[in-house]
Amino acid sequence: MLNLKKWSRGLIALTLFSSAAALQAREMVSVARPEVNMRAGAGTRHATRWELTQGYPLEVTGRHGNWLQVRDFENDAGWVYRPLVNKTPHVIVKSRVANVRSTPGTRGRILGKADYGEVLRKLEQRKDWVQVQRESGLKGWIARHLLWGW
């Protein structure tokens, strides 16, 4: 009886670990062209829901042929054509405003501000801070909890 209890506990622990790992391992892509349509379905015959700009990060939630079912940081869902996205890491500001700092920490000098919905290229991550760069060149650190993406 004792061995059965140990085996059951081990199985439960393995199941919980596997579930947690699956939740953390989300697939992300970003828009690889100046403009890409997010469509209502998998194909060009479906209506365009949104026009997304280069770098816009998306989470992949499904697939159908060469089409990816995706969602964005506001939970808007749709479909994008796979050849129009890539694996270049980007993030989007999900807070009203975020300070862009010289170093990863609240003591870093504020170099600028990033507004809600701004797309930034992710360069590096250190614990709870992400180094980002604007297309215009400004490079700095933003607290991870203020961003969405990978």
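Here, the structure is the one placed above.
Throughout what follows, the structure given in this document is the object of discussion. (Residues numbered from 1 in each chain as written. Predicted model: local features only at pLDDT ≥ 70, side-chain atom pairs only at ≥ 80, totals over all residues. Heavy atoms only, no water.)

## Looking at the nonpolar core
Inference 1: Judged by nonpolar contacts, the single largest core of 16 residues is most densely connected at L52, Y56, L58, L68, V70 and V80.
Inference 2: The residues touching Y56, leaving out its near neighbours within four places in the chain, are V29, S30, V31, D72, F73, I92 and V119.
Inference 3: Judged by nonpolar contacts, the second largest core, of 10 residues, contains V91, L120, I142 and L147. (Core = buried A, V, L, I, M, F, W, Y, C linked by side-chain atoms within 4.5 Å. Buried < 20%, exposed > 50% of the residue type's maximum accessible area, 1.4 Å probe, protein only. Contact = heavy atoms within 4.5 Å.)

## Quick notes on unusual backbone geometry
Inference 1: Unlike most non-glycine residues, N75 shows phi in positive territory, near 70°.
Inference 2: Mapped onto the elements, N75 comes out in the loop between strand 5 (67-71) and strand 6 (77-81).
Inference 3: A residue is classified by how much of its surface remains accessible, and N75, at 55% relative accessible area, is exposed.
Inference 4: Even without being glycine, K127 reaches a positive phi, approximately 50°.
Inference 5: Mapped onto the elements of the fold, K127 is located in the loop between strand 11 (119-126) and strand 12 (129-133).
Inference 6: K127 gets classed as exposed once you look at its relative accessible area, which sits at 79%. (Helix = DSSP H or I, 4+ residues; strand = E, 2+ residues; numbered from the N terminus.)

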